[in-house]
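# Chain and residue survey
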Amino acid sequence: MTTLARWVIGMHDAIPDSDVDADADAVDPLVAAYRHDVHKLRARAHSHAVDWVGGVRVNEPVPDGADGDAAVLSRPRGDPEQTVDAYASWRRVSLLTGEVVSSESGESLDELLVADDAEELHATWVSATLPAGFNESPYYPYTSVKYHTLLVAALLDNYRSGHEFGDLFLAVEATGTDSVTPHRTVLSTGGVSLAVTGEPGDRPAARLGDVPARSFADTWARLPASPFDVAGSRRWRVLDSQLRRIRSWSVALQFIEDYVAAFVPAQCAGHGRRGCRGGGEGR
Amino acid sequence: MTRLQQVLFELESPYYGHPYFVSGNAVFNAVARRVGAATRGALHVSHGVFLPGEYGEYPAGASQDGYAGKLGLSLPDVESYEDLFVFRDAAQRWLLDSRPRDAHNLHPLQTHGGRLAFDDSCWFGRPAEMRDHRRSVSWFLHCYLHAGRDGVVPVAEDVLDGIRVGGTRNYGFGKVSVVETQLVAALNARQRRCRNFDIQISASVGALSGDSEIGRSDFSRLAW
């Protein structure tokens, strides 16, 4: 089994971003955020990554420390350790099945890159399946590049609007709909929609905490309302109970997507469960 | 003087019941049918919290610190108030970061004719060159027993051993065996100040459902 050099895959996210703004030709930082981890989708470490893929500038550092903050939402700080025996691959391992995720997503990398509009890129990433097949680091195979990238973009967008990390909330979007707020929506699947935002408004929301940490279980447990119908269906309660156990953000968000796809029939999504028998698990 | 009996059960079969925890009522009813009326009338049982039998380190605030070996397989010694809560948080903060902690702490699921049950163990792969290519993580259940009067706790291990909790018990689901019990004779100054002791234990487990008042409380503590 190949041993991966630690410095290659470690917290490269701490790269200084001072020279980003100085570059007059620099693309919109949000566009760069969606493209910053393309090397992972090509199973390359950051140091071995190319700068251009398909005529698009990729693997640029993300300003305002958004990448580093998103990283510690999902992975331990400091030197990474190999957490899963004999597994050092960029393919993600599913938390739901324990299996390596299939590489047949039917999407191409180009589709994730071509748009030059940041909002369009966000919409593509929210529904993308290709990046869900890769992990953030082979040391942490259950993490997901898809949700790491969406968290990076959400943090960056919030930081650029003047919010600090301590001002941010996990907000539940209107249930039963697939409403998407550009850059802030970090998950939208099967009627479950979650956003990381500094302006939760009257939506149910819970603070992320003062500093970035693997705090998903805590934040989830503090939400004043569940994004799905826990009172009506045992399947949603099983999901809710599991989410109180998962501390890593990208692992948890990916788990919601996988669980909904595997166990929640389309008509049961969110609170719109009319006509849903829930497999006899309504009690 | 409050005497708490701390009990660690191991799951012997899949569990099909309340997903967040085994309610104290369910554990009480399983025990009550095996004991006399006097004990039945005085016994109180906390919720049972699920935990994986995994390596860990003592969490912040516990009386011991550092690496704790296979912490989930036995009851830690209780010397301080925080020791009572080591296993009571669903996030199980004692799990090691150097291992796949979220995968270990996810209660393994299995389907039975479309119904979701929780498995009693979970398998993980190991290096191909090892003779045994897989290792398993067993699941455990932790709860507290106490009584309003003396002479009730400790309840004998053979009374607790083999009780069944949750749904479809008649089909063999929800069987648990006793791994270890420990009597905590505890009433120090700090606990005396904490009058609503049972409420705190159940609150540390999380919400029963979305509209539970307890579930909204801020008992979940950031451990960093």
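Described in the following lines is the structure provided in the data block. (Residues numbered from 1 in each chain as written. Chains lettered and ligands numbered in written order. Predicted model: local features only at pLDDT ≥ 70, side-chain atom pairs only at ≥ 80, totals over all residues. Heavy atoms only, no water.)

Residues and elements named next belong to chain A. Pairing is antiparallel across the open sheet formed by four strands, whose spatial order is β4-β5-β3-β6. Two strands close off the open sheet at either side, each with one partner strand: β4 (185-189) and β6 (205-207). Each adjacent strand pair in this sheet contributes to an overall mean axis angle of 15°, direction not counted. Relative to β6, strand β3 (residues 169-172) runs antiparallel, the two being bridged by three bridges. From the neighbouring strand, L170 faces β6, where its bridge partner is A206. Its contacts with the sheet place helix α7 (residues 145-160) against β4 and β5 (192-197), and it is angled at close to 135° to β4. Running at roughly 15° to β4, helix α10 (residues 249-263) makes contact with β3, β4 and β5 of the sheet. (Pairing = 2+ DSSP bridges. Helix = DSSP H or I, 4+ residues; strand = E, 2+ residues; numbered from the N terminus. Axes fitted to C-alpha atoms, helices over the stretch in contact; angles between N-to-C directions. Contact = heavy atoms within 4.5 Å.)

Bringing helix α6 (residues 118-126) of chain A into the picture now. All names here are of chain A. All buried positions along α6 are accounted for by A118, L121, H122, W125 and V126. When α6 is viewed along its axis, its buried side chains cluster within an angular range of 130° and face the same direction. Contacts made by the buried residues of α6 are with α2 (29-35), α3 (38-41), α5 (109-113), α7 and β4. (Buried < 20%, exposed > 50% of the residue type's maximum accessible area, 1.4 Å probe, protein only. Arc of directions from axis to C-beta.)

Glancing now at the interface of chain A and chain B. Listed as interface residues are 40 residues of chain A and, on the opposing side, 41 residues of chain B. Between chain A and chain B, the buried area comes to about 3,600 Å², and carbon and sulfur atoms account for 54% of it. Together, R234(A), R245(A) and R247(A) form the three largest contributors to the area buried by chain A at its contact with chain B, with a combined 22%. One can count three salt bridges joining chain A with chain B. A salt bridge links R135(B) to D85(A); the nearest nitrogen and oxygen atoms lie 3.9 Å apart. Linking chain A with chain B are twelve residue pairs in polar contact (both at pLDDT 80 or more). Contributing elements (two or more residues each) for the side of chain A that touches chain B: α8 (216-222), α9 (234-243) and α10 of chain A. Broken down by element, the side of chain A that touches chain B gets its largest block of residues, seven residues, from α9(A). Residues belonging to the side of chain A that touches chain B are distributed by class as follows: 18 nonpolar, eight polar and 14 charged. (Buried area = accessible area lost by both parts, 1.4 Å probe. Salt bridge = Lys/Arg side-chain N within 4 Å of Asp/Glu carboxyl O. Polar contact = N/O pair within 3.5 Å; in protein donor to acceptor, adjacent residues only side chain to side chain. Nonpolar A, V, L, I, M, F, W, Y, C, P; charged D, E, K, R; others polar.)

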